[in-house]
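# Overview (structure and organization)
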Amino acid sequence: MAIQIIESISFATVRDVLEFEKIPDKGVNVTVREWKDLAIHPASGDLSFNTKSDASGILYNIGIQARLKNNNPVGDECIFKIKLCAGKELIVGSPFIPVTILQNSSLSLTSIRIDHISPTPPLELITN
């Protein structure tokens, strides 16, 4: 998959997930108590993924990185809602396989990087 530019990133902890239903060939229906927005610099984020095969089957290696406007801590065991500049909203992670986050800060730059391995690619969010 080609690199996709990210418009916005939101997250919810696994404890805040009320419903997570995969719908074959369509995407995922997700209900959470509250999505928390990450303040990212415009067009500073990108999402990419590729596949690899191992003994258990095909796995997707999903990568997300973005420059943050402030040092906004994100808890462990989260799912992410990624809105692409192209208009799609994708969900990365699940309550069963949550996302691990790496956050880096320096005097001039705060960034977030997500490397997530999953048996499914990022799933399109189905809105009711």
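Details of the structure are given in the entry above.
Residues numbered from 1 in each chain as written. Predicted model: local features only at pLDDT ≥ 70, side-chain atom pairs only at ≥ 80, totals over all residues. Heavy atoms only, no water.

### Observations concerning the pairing of strand β2 (residues 17–23)
Here β2 runs beside strand β3 (residues 27–32); their pairing, made up of six bridges, is antiparallel. Among the inter-strand pairings, glutamate 21 is bridged to a residue of β3, identified as asparagine 29. In this structure, the hairpin formed by β2 and β3 is closed by a connection of three residues, where aspartate 25 is found at a positive phi of approximately 65 degrees. (Pairing = 2+ DSSP bridges. Helix = DSSP H or I, 4+ residues; strand = E, 2+ residues; numbered from the N terminus.)

### Some details on the pattern of salt bridges
Enumeration according to the criterion identifies three salt bridges in this entry. Between glutamate 7 and lysine 83 there is a salt bridge, and its shortest N-O distance comes to 3.7 Å. Remark: lysine 83 occurs in strand β7 (residues 78–84) and glutamate 7 occurs in strand β1 (residues 4–13); sequence separation between them is 76 residues. Given the relative accessible area of 28%, lysine 83 is considered partly exposed. Its salt-bridge partner being arginine 113, residue aspartate 115 comes within 2.9 Å of it at the nearest N-O pair. (Salt bridge = Lys/Arg side-chain N within 4 Å of Asp/Glu carboxyl O. Buried < 20%, exposed > 50% of the residue type's maximum accessible area, 1.4 Å probe, protein only.)

### Overview of unusual backbone geometry
Backbone geometry at aspartate 25 places phi at a positive 65 degrees, although glycine is not the residue there. Note that aspartate 25 resides in the loop between β2 and β3. Of note, the phi angle at alanine 43 is positive, near 55 degrees, even though the residue is not glycine. Note that alanine 43 resides in the loop between β4 (36–38) and β5 (45–54).

### Examining the environment of asparagine 50
With respect to the helices and strands, the residue asparagine 50 is situated in strand β5. In this structure, the C-alpha to C-alpha distance between asparagine 50 and lysine 36, residues 14 residues apart in sequence, is 27 Å. Among residues more than four places away in sequence, those in contact with asparagine 50 are Leu59, Tyr60 and Asn61. (Contact = heavy atoms within 4.5 Å.)

Functional significance is not addressed by these values, which are geometric in nature.
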